[in-house]
Amino acid sequence: GNSVTQMEGPVTLSEEAFLTINCTYTATGYPSLFWYVQYPGEGLQLLLKATKADDKGSNKGFEATYRKETTSFHLEKGSVQVSDSAVYFCADSSYKLIFGSGTRLLVRP
Amino acid sequence: GAGVSQSPSNKVTEKGKDVELRCDPISGHTALYWYRQRLGQGLEFLIYFQGNSAPDKSGLPSDRFSAERTGESVSTLTIQRTQQEDSAVYLCASSFRGSSYNSPLHFGNGTRLTVT
C-alpha cells in the first residue's frame, strides 16, 4: 500500500531563513501529492498539491515539485516568517489520503 | 460558507463507556473520511465513505470502532467500551468526490477525546 515518510521535527529556523522539509512516498500507480498545514489551534488545511510528475505546487511562497524519479515531494520556502510556524503534513492519495507523521516548524523572530 | 462541522469539540469519558462522535460534511460532498491523530503523531486513516457506503474500513483499529453515514451527509463514529489508548483527536474530512479525482479534503476542527 501507499506510504509517506517525512523528516522528523521540530525544525527551528530564524525569520527569513530557507526552509526545506523532505517528503518521500511509496505508491502503486500515480498518486496525487499534497502538503497540508495545521496552524496552532486550527484545523488541517490544504497548502498545495501536484497531480502528476514534474508538476510544481505553490502557495503562500511555499513550493513543492513532484519528482517521480526520486519519489519525492519536498516542501521549500525561500524566506520563512514567524506566521509560518505550524505542523506540516505530506500526503499522497489514490482515493484516500495517506499522511506522513508531520513536521513541526518553529520560526523565531 | 459552512465548513466541516464536528461535535462535540471535546469529550471526556470514563474507560469502558461508549462514545459517539458526529461529523457534518460540506453540503454536496460525497466523500467523507475519518482520521485519528494521537498526541504528537501523524494522521491515521480510519474509514472512507463514498455516499453512504464504506468501501474502505481498513483503518478501524478494532471491532469496538464502527461508523455509519446516512443521507450522504452526517456521519457518526462510535467507539464502544472505550480504552485509554483511544484518547486522541478524531478528525473528519469531506471532499467533492474523492481525492483520486483531485478534490481537496476539507477538514473539521476535530473532536478531542480523553478517556480517563
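Residues numbered from 1 in each chain as written. Chains lettered and ligands numbered in written order. Predicted model: local features only at pLDDT ≥ 70, side-chain atom pairs only at ≥ 80, totals over all residues. Heavy atoms only, no water.

The next point concerns the overall build of chain A. For chain A, the count of helices and strands is zero helices and twelve strands. Helices and strands in chain A line up, N terminus first, as β-β-β-β-β-β-β-β-β-β-β-β. Computed over the C-alpha atoms, the radius of gyration of chain A is 13 Å, within 12% of the 13 Å expected from 2.2 N^0.38 for a compact globule of 109 residues. In terms of overall dimensions, chain A has a C-alpha envelope of 45 × 25 × 20 Å along the principal axes. Burial statistics for chain A: of 109 residues in total, 48% are counted as buried. Residue pairs in contact within chain A that sit at least 24 positions apart in sequence constitute 55% of those at least 6 positions apart. Of the accessible surface of chain A, which amounts to about 5200 Å², a share of 48% is contributed by carbon and sulfur atoms. The distance from the centre of the 10 positive side-chain charges to the centre of the 11 negative ones in chain A is 5 Å. (Helix = DSSP H or I, 4+ residues; strand = E, 2+ residues; numbered from the N terminus. Rg over C-alpha atoms; globule rule 2.2 N^0.38 Å. Buried < 20%, exposed > 50% of the residue type's maximum accessible area, 1.4 Å probe, protein only. Contact = heavy atoms within 4.5 Å. Areas by Shrake-Rupley, 256 points an atom, 1.4 Å probe, with all protein chains shown as cover. Lys, Arg positive; Asp, Glu negative; His and termini not counted. Charge placed at Lys NZ, Arg CZ, Asp CG, Glu CD.)

All names here are of chain A. L19, W35, L47, L48, F73, L75 and Y88 are the most contacted members of the largest nonpolar core, which totals 25 residues. Of all the secondary structure elements, the ones that give two or more residues to this core are β2 (11–14), β3 (19–21), β4 (23–26), β5 (32–38), β6 (45–50), β8 (62–65), β10 (86–93) and β12 (103–108). If near-sequence neighbours (up to four positions away) are discounted, L47 is found in contact with W35, Y36, V37, N59, K60, F62, L75 and Y88. (Core = buried A, V, L, I, M, F, W, Y, C linked by side-chain atoms within 4.5 Å.)

Further remarks concern the state of the cysteines. In the structure shown here, the tally under the stated rule is two disulfides over all chains. Across the disulfide from C23 of chain A sits C90 of chain A; the S-S distance is 1.9 Å. The sign of the S-S torsion, about -70 degrees, decides the handedness of the disulfide formed by C23 of chain A and C90 of chain A: left-handed. In this pair, C23 of chain A is assigned in strand β4 and C90 of chain A in strand β10, connecting sequence segments 67 residues apart. This pair shows no difference in class: C23 of chain A is buried, exactly as C90 of chain A is. Paired by a disulfide, C23 of chain B and C92 of chain B hold their sulfur atoms 1.9 Å apart. Disulfide C23 of chain B-C92 of chain B: the torsion about the S-S bond is -65 degrees, which places it as left-handed. (Disulfide = S-S within 2.5 Å.)

Turning to the packing of aromatic side chains, a few remarks are in order. What characterises a pair of aromatic rings is the spacing of the ring centres plus the angle enclosed by the ring planes. Within the structure shown, the criterion is met by twelve aromatic pairs over all chains. Between Y36 of chain A and F107 of chain B the ring centres are 5.6 Å apart and the planes differ by 80 degrees, which places this aromatic pair in the edge-to-face class. Placement of Y36 of chain A in strand β5 and of F107 of chain B in strand β10 (residues 106–107) is noted, with the two residues assigned to different chains. For the residue pair Y36 of chain A and F107 of chain B, the accessibility class agrees, reading buried in each case. Between F99 of chain A and Y35 of chain B the ring centres are 5.3 Å apart and the planes differ by 90 degrees, which places this aromatic pair in the edge-to-face class. You can see F99 of chain A sitting in strand β11 (residues 97–99) and its partner Y35 of chain B sitting in strand β4 (residues 31–37), one on each of two chains. The class of Y35 of chain B is buried, set by a relative accessible area of 0%. (Phe/Tyr/Trp six-rings, centres within 6.5 Å; stacked < 30°, edge-to-face > 60°.)

All names here are of chain B. Read across the open sheet, the four strands follow the order β1-β3-β8-β7; overall the sheet is antiparallel. Strands with a single pairing partner mark the edges of an open sheet, and in this sheet they are β1 (5–7) and β7 (65–69). Averaged over all adjacent pairs, the angle separating strand axes in this sheet is 15 degrees, with direction ignored. With five bridges joining them, strand β3 (residues 19–24) and strand β8 (residues 75–79) adopt antiparallel strand pairing. Counted as the bridge partner of V19 is I79 from β8. (Pairing = 2+ DSSP bridges. Axes fitted to C-alpha atoms, helices over the stretch in contact; angles between N-to-C directions.)

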